[in-house]
Amino acid sequence: MKNTKMRTLAEPFRIKMVEPVRITTEEYRREALEKCGYNPFLLHSEDVFIDLLTDSGTGAMSDRQWAGMMMGDESYAGAKSWQHLEAVVKGLTGMPHILPTHQGRAAERILYGILGGKGKVFLSNTHFDTTRANIEFTGATAIDVMPEHATDPEIDLPFKGNIDTTKLQELILQHGSTNIAAIIMTVTNNSSGGQPVSMRNVKDVRNICDQHKIMLVIDGCRIAENSYFVKHREAGYEHTSYEDIAKQMLRLADAFVMSAKKDGLVNMGGLLTLKDDALSQQCTNLLIISEGFATYGGLSGRDMEAMAIGLKEVFDPDYLHYRIRSTAYLGEHLKAKGIPVVWPIGGHAVYIDAKKLYHHIPVEEYPGQALVCDLYTQGGIRCVEVGSVMFGKYDANKKLLPAKNELVRLAIPRRVYTQSHIDYVIDVFDDILEMREQKRGFKISYEPPFLRHFTAQFEKLT
Ligand SMILES: *Cc1c(COP(=O)(O)O)cnc(C)c1O
């Protein structure tokens, strides 16, 4: 059954345990949304029918991972489960120093806390929101180095997650290579649409790093999904296994940070791996102060056991094909309906161009937030704005400096929803299309100084 044009993409697993989900009424959802200040992050999950808020830690573990949980070794130091995880991650990254953390941002805080500080500059294809926040929190600057076309939602290119190497070199000269703390390659590129990064691009960045003696970090939360795209889109990798593609890419880096809540196929966990002995020593000290001893770093033995198994399962060809194709299925069907989606479809999510869909709502009134709220009221679907609520800044006069795009992300949890759930989501968009001209925007009534999208409150404009 190799035919990829098949309409039905049968999930390569069967269901052994079920979790009921509740369908509420539109009136109920309207009230729930008002109560949480129109920020779906603050909804109770029981009030959500299909939760596409994030693919982070929301996946389903396999029977083998659950069996591994029962075998978890909870010894404080040197647990068997730690040794299992360490061996798997050493094999994957080829790096000698493996530090477990409770999630990705803990790895980021430790590494960027040491590399960052006032006057330091980080360059990346795109800094993910927690990456940027952890860098800026140290007083350092984070600059995204995307090619012009990367922010065009319509251009159909195979590796829209790539960094712009010409701009990268200009920025290195402009800031001085000694002030560049690191170059961070986010793979796949989460914030710019879950778009993949080519092996060629990472190799080019490696050469630039060597030339200027700059450290290369791979933020590889979705390294397996990226490998799928490399195998199918980049010449020369047709016969390389997904796992070997990931191994080759990671061997180009000096450090690797990962939220295992994505391609680790677990609900909690993270990793920081390093080549350099002295830096690893510094990171280990911080890890012990803030996360836990070096052989568990904030994780239970069972968590590490499940992660070790997940990091192997994620490279299974049937799983990866299902994963990438099922995300594309949603995107292709929405596009066919006339919904403006970021093209091509990335690995873990479908991004909708809300500025285009809700063209009558000005950017200052957050069209993405409006769409997020409408998807919840219409269909009980929860998703997130990736636009000026997440990335907007203010100038000296408190005027909004909008993000480049106003996107809405429908992130797909791993191995959780079936094709019929996704068909339902596609149907809800019919209602959105029908009523879009009546939709109105929002203003922010409360916001915290960092990562405001998590806790901001909104007022509906009339
Ligand atoms: C999720 C994510 C992080 C942060 O990881 P957490 O586990 O949520 O702390 C960092 N970078 C990228 C690219 C991510 O997708």
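Residues numbered from 1 in each chain as written. Predicted model: local features only at pLDDT ≥ 70, side-chain atom pairs only at ≥ 80, totals over all residues. Heavy atoms only, no water.

## Points about the overall build of the protein
Thinking step 1. Across its full length, the protein holds 16 helices and 16 strands.
Thinking step 2. Here the protein has a C-alpha radius of gyration of 22 Å; the compact-globule value for 462 residues is 23 Å, and the two agree.
Thinking step 3. Each principal axis of the C-alpha distribution contributes one length, and for the protein these read about 60 × 55 × 45 Å.
Thinking step 4. Element-wise, carbon and sulfur atoms account for 53% of the exposed surface of the protein, whose accessible area totals about 19,600 Å². (Helix = DSSP H or I, 4+ residues; strand = E, 2+ residues; numbered from the N terminus. Rg over C-alpha atoms; globule rule 2.2 N^0.38 Å. Areas by Shrake-Rupley, 256 points an atom, 1.4 Å probe, with all protein chains shown as cover.)

## Considering the packing of aromatic side chains
Thinking step 1. Going through the model one piece at a time under the given rule, you end up with 12 aromatic pairs.
Thinking step 2. Ring centres 6.5 Å apart and planes at 75° place the aromatic pair Y366 and F458 in the edge-to-face group. Note that Y366 is positioned in the loop between α13 (354-357) and α14 (367-379) and F458 in strand β16 (residues 457-460), a separation of 92 residues in sequence.
Thinking step 3. For F458, a relative accessible area of 5% gives the class buried.
Thinking step 4. Seen from their ring centres, F442 and F458 are 6.1 Å apart, and the 75° between their planes marks the pair as edge-to-face. Taken together, the residues span a long stretch of sequence, with F442 in strand β15 (residues 442-446) and F458 in strand β16 at a distance of 16 residues. Accessibility assignment for this pair places F442 and F458 in one class, buried.
Thinking step 5. A connected cluster of aromatic rings, assembled from ring pairs, spans Y38, Y366, F442 and F458.
Thinking step 6. For K231, the ring lying beneath its charged end belongs to Y242, and the centroid distance is 5.4 Å.
Thinking step 7. Of note, K262 hangs over the ring of F128, and the distance from its end group to the ring centre comes to 5.4 Å. (Phe/Tyr/Trp six-rings, centres within 6.5 Å; stacked < 30°, edge-to-face > 60°. Buried < 20%, exposed > 50% of the residue type's maximum accessible area, 1.4 Å probe, protein only. Lys NZ or Arg CZ within 6 Å of the ring centre and 35° of its normal.)

## What to know about the packing of helix α12 (residues 317-336) against helix α16 (residues 419-435)
Thinking step 1. Viewed as axis vectors pointing N to C, α12 and α16 meet at an angle of 25°, and their least axial separation amounts to 10 Å. As far as their axial angle goes, α16 and α12 are roughly parallel. In the crossing of α12 with α16, the sense of the turn from one axis to the other is right-handed. Only Q419, I422, D423, V425, I426 and F429 of α16 make contact with α12, whose side of the interface consists of Y329, L330, H333 and L334.
Thinking step 2. Grouping the constituent residues of the contact of α12 with α16 by class yields seven nonpolar, two polar and one charged. (Axes fitted to C-alpha atoms, helices over the stretch in contact; angles between N-to-C directions. Parallel < 35°, antiparallel > 145°, perpendicular 65-115°, else oblique. Left-handed = near helix turned anticlockwise from the far one by under 90°. Contact = heavy atoms within 4.5 Å. Nonpolar A, V, L, I, M, F, W, Y, C, P; charged D, E, K, R; others polar.)

## Considering the pattern of salt bridges
Thinking step 1. On inspection of all chains with the given rule, the structure shows 28 salt bridges.
Thinking step 2. Between R109 and E291 there is a salt bridge; the shortest N-O distance is 3.8 Å. Highlighted residues: R109 in helix α4 (residues 104-115) and E291 in the loop between α10 (277-290) and α11 (301-313), separated in sequence by 182 residues.
Thinking step 3. The exposure class assigned to R109 is partly exposed, which follows from its relative accessible area of 33%.
Thinking step 4. With a closest N to O distance of 2.8 Å, E225 and R323 form a salt bridge. Highlighted residues: E225 in helix α8 (residues 223-233) and R323 in helix α12, separated in sequence by 98 residues.
Thinking step 5. Look at R323 and you get buried, because its relative accessible area is 1%. (Salt bridge = Lys/Arg side-chain N within 4 Å of Asp/Glu carboxyl O.)

## Description of unusual backbone geometry
Thinking step 1. Cis geometry is found at the peptide bond from V187 to T188, where omega equals -15°.
Thinking step 2. Mapped onto the elements, T188 comes out in the loop between β5 (180-186) and α7 (199-212).
Thinking step 3. In this structure, the amide linkage connecting W343 to the following residue, P344, adopts the cis form with an omega of -10°.
Thinking step 4. For P344, the position within the fold is in the loop between α12 and β9 (349-353).
Thinking step 5. Even without being glycine, Y38 reaches a positive phi, approximately 60°.
Thinking step 6. Note that Y38 resides in the loop between α1 (26-35) and β1 (50-51).
Thinking step 7. Residue classification places Y38 among the buried positions, given a relative accessible area of 12%.
Thinking step 8. Not every positive phi belongs to a glycine, and K398 is a case in point at roughly 65°.
Thinking step 9. Structurally, K398 can be placed in the loop between β12 (393-394) and β13 (400-401).
Thinking step 10. By relative accessible area, K398 is classed as exposed at 59%.

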